[in-house]
Amino acid sequence: MTANLTEDSSPASGSAIRVLKFGGTSMGGGERILESARLVLAAGGSPVVVVSAMSGVTNQLEALRIGQYAPIEELERRHLEAARTILGEGPGRDGLERAIRARLHTVREGLADREGLAGKDGLEAEQGLAVDPVSDEIRSAGEDLSVLLMTAALSRLGHRARVVDARSIVRTDDRVGGAVPDDDATVELSRHRLLPLVDEGVTPVIQGFVGASADGRTTTLGRGGSDFTAAIIGAALGAPEVTIWTDVDGIYSADPGQIPAARILPELGYEEAVELAYFGARVIHPAAAKHAVGRKVALRIRNSFHPERPGTLIRIDRRGTPGVAALAFKPRVGLLTVRSRPMFMAYGFLARVFEVLTRNRVPVDLVATSHTSTSLTVDRDAPLDRVLSELDAFAEVELQTGMATVSAIGAGLLRIPGVTGEVFRALDDLPVHLISQATDTSLSFVVDEERASEVIRRLHAALIESRPPNPSPYHDP
Ligand code: ADP
Ligand code: ASP
Ligand code: MG
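Residues numbered from 1 in each chain as written. Chains lettered and ligands numbered in written order. Predicted model: local features only at pLDDT ≥ 70, side-chain atom pairs only at ≥ 80, totals over all residues. Heavy atoms only, no water.

Undergrad: Which residues make up the packing of aromatic side chains, and what values go with them?
TA: Counting across every chain of the model gives three aromatic pairs. Residues F22 and W245 carry aromatic rings whose centres are separated by 6.3 Å and whose planes lie at 10° to one another, so their mutual orientation is stacked. Separated by 223 residues along the polypeptide, F22 in strand β1 (residues 17–22) and W245 in strand β8 (residues 241–246) bring together distant segments of the chain. Considered together, F22 and W245 belong to a single accessibility category, that of buried residues. Between F424 and F445, the aromatic rings sit 5.6 Å apart at their centres with planes inclined by 55°, giving tilted as the arrangement. One end of the pair, F424, is in helix α13 (residues 419–426); the other, F445, is in strand β17 (residues 442–448), with 21 residues separating them in the sequence. Residue F424 is classed as partly exposed on the basis of its relative accessible area of 22%. A relative accessible area of 0% means that F445 is categorised as buried. Over the ring of F394 we find R352; its NZ or CZ atom is 4.2 Å from the centre of that ring. (Phe/Tyr/Trp six-rings, centres within 6.5 Å; stacked < 30°, edge-to-face > 60°. Helix = DSSP H or I, 4+ residues; strand = E, 2+ residues; numbered from the N terminus. Buried < 20%, exposed > 50% of the residue type's maximum accessible area, 1.4 Å probe, protein only. Lys NZ or Arg CZ within 6 Å of the ring centre and 35° of its normal.)

Undergrad: How would you summarise the sheet that holds strand β5 (residues 203–207) if you had to cite specific residues and measurements?
TA: Ordered in space as β3-β5-β2-β1-β8-β10-β11-β9, the eight strands form an open sheet in which the pairing is mixed. Here the strands that pair on one side only, and so sit at the sheet edges, are β3 (161–163) and β9 (267–269). For this sheet, the mean inter-axis angle between neighbouring strands, taken without regard to orientation, is 20°. The pairing of β1 with strand β2 (residues 46–51) spans six bridges and is classified as parallel. Bridge pairing links F22 to V51 in β2. Across the sheet, helix α1 (residues 30–43) is in contact with β1, β2, β5 and β8; its angle to β1 comes to roughly 165°. (Pairing = 2+ DSSP bridges. Axes fitted to C-alpha atoms, helices over the stretch in contact; angles between N-to-C directions. Contact = heavy atoms within 4.5 Å.)

Have a look at this one:
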C-alpha cells in the first residue's frame with residue numbers, strides 16, 4: 001500500500017496518469033509495437049499501457065481444434081519474429097523467446113487436456129474436434145504474449161516498464177468468454193498494484209481483455225474487451241482521459257471500411273458514443289464507452305498509424321449536436337416474435353418472456369410490442385434452441401435468422417421533425433421488419449442481413465453526405 005491509495009489518485013510525481021490502449025493492428029508486428037512504444041514515450045505524464053493481442057490472434061486461438069497443433073506453431077513463429085524485430089540481438093532476447101515459448105506451451109497443454117477430457121467423456125478425441133468452449137486460459141494467450149512484447153519494446157527504447165498481470169487487477173465473475181468485472185474490487189486492486197509502480201516512474205503494461213475470478217481462474221471480458229480494460233483502469237486511477245489507439249482516425253459517421261465517404265467526428269456526445277458502440281460500431285467496445293462515461297473519464301480514439309491526427313474525443317460533458325451523426329450496423333441478428341397462447345392471460349406475459357431470456361443469458365437489443373405480439377432482436381449465436389423450447393411452453397414463437405439491425409445515432413432525434421420520415425423515404429422499397437426508438441439518441445430497425453450494406457449506403461447518402469461536411473482539417477477516408 002502507498003499513501004496514494006486514497007481518493008486522490010495522482011502519482012507522487014504529480015504528473016497526470018495517461019492510460020493508453022493499443023489494439024490488435026497497433027500491436028500487429030515488431031515494427032508496429034515499436035511504433036506504439038514510441039507513442040507511449042511521447043504521451044508524457046505517467047503512462048499506463050493496456051494491450052490487445054496481435055491482430056487476428058484471438059480469432060486463431062478461438063478456432064483451435066483438438067489434435068491440430070500447426071496454428072500454435074504459426075503463432076509461435078509470428079511472436080518470435082516480432083521479438084527479433086524488437087530486440088534484435090540485444091539483451092533480453094533469449095528470456096523473451098523463452099517466455100513466448102512457455103506461454104504457447106501452456107496453450108498446447110490446454111488443448112491436450114481437452115483431448116483427455118473428450119476421451120474421458122467417452123467421446124472420440126478425433127482430429128479436428130472443436131475445443132468447445134475454448135477456455136479463457138487459451139483465449140487469453142494473445143494478450144499474455146503482447147504484454148511481453150510491449151514491455152520489451154519500451155525497454156529497448158530505454159523506458160522502465162514492467163508487466164502487471166491483469167489477473168491481479170481485474171476481478172470478475174466466472175462467466176467463460178464474457179466475464180463481468182467487479183468494480184469495487186478492481187478499483188482497489190488497480191490502485192494497490194499500479195500506483196506504487198507509477199510513483200517509481202515505471203510504466204505498467206497490462207493485458208487488455210483478461211481478468212480473473214475471485215478463486216484465481218483466468219477470465220476474459222468478451223470480444224473487443226481490451227477497450228473495457230483501459231476504461232476500467234483509467235477510471236480506477238482517476239485518469240482524466242484514456243486514449244484508444246487503433247487503425248482508423250477516430251469515430252466516423254459509418255464504418256470507413258464499408259463507406260468510403262464516411263466522415264470523421266472530431267467530438268461525440270457520450271450518449272451517442274454508447275449507443276453507437278452497442279449498435280455495432282466495433283471501433284469502441286460498448287462496455288468501455290458506458291463505463292468511462294459513468295466514471296467521468298473522457299475517451300479519445302486515435303490512429304496509431306497517423307498519430308499527428310487528433311482523433312475523436314468522447315466527452316463526458318457533451319450530449320451532441322442535434323441531428324443524425326452516425327450509422328451503425330449489427331449483423332447476425334435473430335428476430336424473435338412471441339405471441340401469448342390464447343389460454344394465457346396477457347398480464348405477466350412479457351415478464352415471463354424476459355425471465356426465460358435472462359435465465360439463458362440472452363441479451364435483447366430491440367423490442368417492439370403490440371396487443372397481440374412482441375418482437376425482439378437477439379444475437380443469432382446465442383443459445384436460442386433452449387430459449388425457443390422454454391418459450392414454447394406458454395407462447396407461439398417464431399425465429400427469423402438472417403437479419404441485421406441498422407441504427408441511426410444522433411442527438412435530439414425525437415425532437416427534430418422529419419428525421420424518421422427522411423430515414424424511411426430512403427428505404428421505401430425495402431422491407432423493414434421492426435422499428436424501435438426508445439431514446440432521443442437512436443432510431444433502429446431490422447432489415448434482411450443481405451440488404452444491410454445497401455441500407456447503410458443509402459442512409460449515409462441521404463442523411464450525412466447531403467449535409468455540409470464537418471470542418472475537419474484532417475479528413476482522409
Ligand atoms: P482495435 O484492434 O484497434 O481494437 P477494432 O478492429 O476493434 O480495432 O476497431 C477498429 C475498426 O472499427 C476500424 O478498422 C473500422 O473498420 C471499424 N469501425 C466500425 N464502425 C466504425 C466507425 N463508426 N468509426 C470508425 N471505425 C469503425
Ligand atoms: N484480443 C481480443 C479480441 O480480439 C480483445 C481486443 O482486441 O480488444 O477480441
Ligand atoms: Mg477493438
